[in-house]
Amino acid sequence: MDLSFLTVQVLSALRQAAFLFLISSGLTLIFGVLNILNFAHGALYMLGAYFMYWVTLQIVGPAGFLLALVAAPLGVAVIAAVIELGLLRRIYIQEEIYQLLLTYALVLIIDDLAKIVFGPEFKSISKPEILSGSVTLFDGTVPVYTLLVVVLAPAVAALLWYLLYRTKTGKVVRATSSDREMADALGINMSALFTLVFAFGAVLAGLGGALAGPARTVFPGVGTEVIIESFVVVVIGGLGNLWGALIGSILIGSLETIGIIVFPEFEMSLIYLLMVAVLVVRPWGLFGRPLKVKALSEKNLAMEAQEISPVHFAVHPAVRWAPLLLLLLVPLFAGRFYQYLLTQIFVASLMAIAFNLLLGMTGLLSFGQAAFFGVGAYTAGLLLTKTGLGTLSALALSPVVAAAAAGVIGFFCVRLSGVHFAMLTLAFGQLIFTVVYKWYGFTGGDNGIQGIPVNPIPLGGLGDIDIGSTQSMYYFVLAVVALSVELLRRIRSSPFGATLKSIRENGQRAAYLGLNVKLYQWTAFVVAGAFTGLAGGLYALMEKSISPEIIHWTKSAEPVLMSIIGGIYTFVGPAVGAVVYITLNSYLVAWTEKWALVLGLVLLTLVLLLPGGVVGFVNEKARQTLGKLRCIRKWSFSKSATS
C-alpha cells in the first residue's frame, strides 16, 4: 500500500466523517436538550441539499455557491422553527413514542413535498470552477472539494465548542441538557430554548446537506439513508454528547472506507457490529452518560387510562368470536383482491399484536422486529426451496428459529432500557439485514428467494389441503392467525401478563418486590419474536417470494405505526391499526402518486388529535357516554392515568 493510495483513502474517510459529524452533531444537540430522537433530521438534511441546488441554479459561479452555502441552512432553520412551534410543542408531555411517530410522519410529508416541488429525478449540484479541480498531495490526486469539506468541518466543530462553552446561551443549553428540571426551576425560558436548539440543530443538518449535495446526488428520500448512519454515530459517541458525535463520525467514516477496501462483501455490516459492541460493553456510548428513565407511573399520561374501559367489561366473551364468523363468510361475496388484502391484514395484525406485547405490555420499544419477521420468512422460504420439507413443517419451524434468534439478541438487549434498548434492537436488525442482503450463496442476496413452493398439506388418511389458491390461503392464514391471537390474548390476561404490566408501570418497584425483571423482559422478547417469526413464515407462503427489504428498519417501523394508530394500551388496538395502515397503504398507492404525503398527514392527525389511538379514543368516549347515562360506575384510576 503506497503513500498516494493511503492519502486518498484517508481524506475520503475524513470527508465522509465530516458529513456525518455535521448531521449527527445537530441530532445529538436536539436529543440532549429536547430528549427527542428526531427521525425528521434526515429530511432536513435533504432540504439543505435541495435548497443548495435551487440557489446555485438561480445564481451561478462562486458567489452563488457561497450564497447557497449560507442560505440553505438558514432556510432549513426557518422550516424547523415552524415545525417545533406548530407541532412538536403540542406533544412534549406525551410519551417519546408519539414524538417519534410525529417526526416519522414529517419524513413522509417532506419527502413527498420535495418530490412535488423539485421532481423525482436525481439532481446534481454543480461546483464553481475553483472547486471542481484536484490537487496532488503526497503523490495522490485529491479533489479540491474534498479538502474544503475536510477543513470546514473542524472549523464548524470549533465554532460549536465556542458557542457551547464560551457563551451564556451555550452554558444555558448545557445546563438544560444536564438537568432539564433544574433549569426550568431556575427560570430559564424552556419554550424559547427548545425552539432555538431545534432550529440550530436544523442549521447543522442543512449545512451537512448543502455540503454533501455537490459531492453526491440529491433525490427524495436521501435523508432516510443518512439518518440511520447518524443514529449509529450518536449512539456510539453517546447520546447528547458533541465530542462523542465527532469521535463517532471519524470511527464510522474510517470503518466504511476500510470496509470497502478490505471487506467489500460485508462493509455494510461493520458499522452495525461496532454499534452492537459499544452498546453491549458501554450502553450509554463512548462519551455519554446513563439517561434518566422515568417509570410510566411518574409520567403525565392520560392515554394509559384507555386500557381500562367499560367496553372490556360489558362485552360478552362470545361476542369476541363474531368478527371471526364474519371473516369466514367473506370469500362468499368478496373477490380475490379483497381476500388477498385481508390476508395481508391478518399477517400484519399478528406481527403488530406480537410487537405490542413488548411496547404496550412491557414498555419496551423495539426497532428490530423486522429481523424476526425476516428470520421466520427466510426459514420457511429456505426450507421449502432447498430441502423439500413439507409446508406445515417449514411453517412450524419459522417461530422456533425466530424465537432462538430473539433469545440470543434479547439476552443483550434487555440489559438496556429506553432509547438505548431501541437503538440496540435497531443495530441487531440492520446487522441481520446486511448479512441477508449480501449473502448471495445462501439467501440469494438482494435478489431474495423467488418461486417458493406451497405444497398441499397432508391430513393422513383424510386427503390433502391445497392452500395454493387465494381463497384457500385466506382460510389457512385466518385459522393460524386466529389461534395465535387467542393465545396472545390469554398470555396478556395471565399472571405473566399482569407481571409485565407492573414492570411497564415501574420496573424498579417490581424489582424491589423480588421479581426478576430482566428474565420477564427477556421472556416477553422471545415470545414476541416467535409470533413475529410465525407472521414472517405466513408472509413467505402468501407471497411465494421474499426479499431483504422485509428485514430493513423501515419494516420494523410498521408494527410501531400500527400499534400507535390503533392504541398501544389495548389488545385489539394493533389489529385495528393494521387494518387502517394496510388499507390506506393499498388504496393510496392505487389512487394517487402522493400516497406518502397523504399517509404522513393521516399519521400526523392521529398523533395530534387521537393520541390514544382509534380504539383508545372509542374506549374513552364509551366510558364518558356510559358514565353520563349512569350505565357504569365511575372508575377510579391511578394517579398516572389521570394526572
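None of these values were measured; they are calculated from a predicted model.

A. Empty space enclosed by the protein, seen in detail. In total, this model carries five cavities of 30 Å³ or more according to the counting rule given. There is about 100 Å³ of room inside the largest cavity. For the lining of the largest cavity, the secondary structure elements donating two or more residues are α4 (96-118) and α24 (553-566). Of all the elements, α24 adds the most residues to the lining of the largest cavity, at five residues. A class-by-class count of the residues in the lining of the largest cavity yields eleven nonpolar, no polar and no charged. There is about 70 Å³ of room inside the second largest cavity. Along its surface, the second largest cavity is lined by Ile353, Asn356, Leu357, Met361, Leu488, Arg492, Thr570, Phe571 and Pro574. For the lining of the second largest cavity, the elements supplying multiple residues, two or more each, are α15 (336-362) and α20 (470-493). The greatest single-element share of the lining of the second largest cavity, amounting to four residues, is contributed by α15. Here the lining of the second largest cavity is composed, by residue class, of six nonpolar, two polar and one charged.

B. Region of interest: the domain arrangement of the protein chain. Along its sequence, the protein chain is organised into domain 1 (3-281) and domain 2 (316-551). Placing a centre on the C-alpha atoms of domain 1 and another on those of domain 2 gives a separation of 35 Å. Each partner contributes to the interface: domain 1 provides 21 residues, whereas domain 2 provides 20 residues. When domain 1 packs against domain 2, the two sides together hide about 1,800 Å² of surface, and 85% of this comes from carbon and sulfur.

C. Region of the structure containing the environment of leucine 85. In this fold, leucine 85 is placed in helix α3 (residues 61-86). Taking the relative accessible area as the measure of exposure, leucine 85 reaches 47% and is therefore partly exposed. Once the C-alpha coordinates of leucine 85 and threonine 195 are considered, the two residues, 110 residues apart in sequence, prove to be 6.9 Å apart.

D. Broad picture of the nonpolar core. Ranked by size, the top nonpolar core spans 197 residues in total, and within it Phe231, Leu365, Phe367, Met423, Phe476, Leu538 and Ile546 carry the most contacts. A total of 16 residues in this core trace back to one element, the largest contributor, which is α15. In contact with leucine 365, not counting residues within four places along its chain, are Ile97, Leu100, Phe355, Leu359, Phe421, Ala422, Thr425 and Val560.

How each quantity is defined
Throughout this description, residue numbers start from 1 for each chain and increase along the sequence as written. The predicted origin of the model limits local features to residues at a pLDDT of at least 70 and limits the giving and counting of side-chain atom pairs to 80 or more, whereas totals for whole chains, interfaces and linings rest on all residues. The basis for the side-chain values is all heavy atoms of the structure; hydrogens and waters are excluded. Both site types are read off a 1 Å grid over the protein atoms alone. A 1.4 Å probe that fits but cannot get out defines a cavity, while an open set with protein on both sides within 12 Å along at least five of seven lines defines a pocket; lining residues have an atom within 4 Å of a point. Grid points are joined across faces, edges and corners, and a volume is the space filled by probe spheres set on the points. The helix and strand labels rest on DSSP assignments: H or I over at least four residues marks a helix, E over at least two residues marks a strand, and numbering proceeds from the N terminus. All residues other than Ala, Val, Leu, Ile, Met, Phe, Trp, Tyr, Cys, Pro, Asp, Glu, Lys and Arg, Gly among them, are scored as polar; the first ten of these are nonpolar and the last four charged. In this document the domain limits rely on a domain assignment from an automatic tool or a database. Should any heavy atoms of two residues lie within 4.5 Å, those residues are considered in contact. Summed over both partners, the accessible area lost on bringing two parts together, with a 1.4 Å probe, is the buried area. Think of it in three bands: with a 1.4 Å probe and only protein chains considered, a residue is buried below 20% of the maximum accessible area for its type, exposed above 50%, and partly exposed in between. Each nonpolar core is a collection of buried residues, namely Ala, Val, Leu, Ile, Met, Phe, Trp, Tyr and Cys, held together in the definition by side-chain atoms within 4.5 Å.

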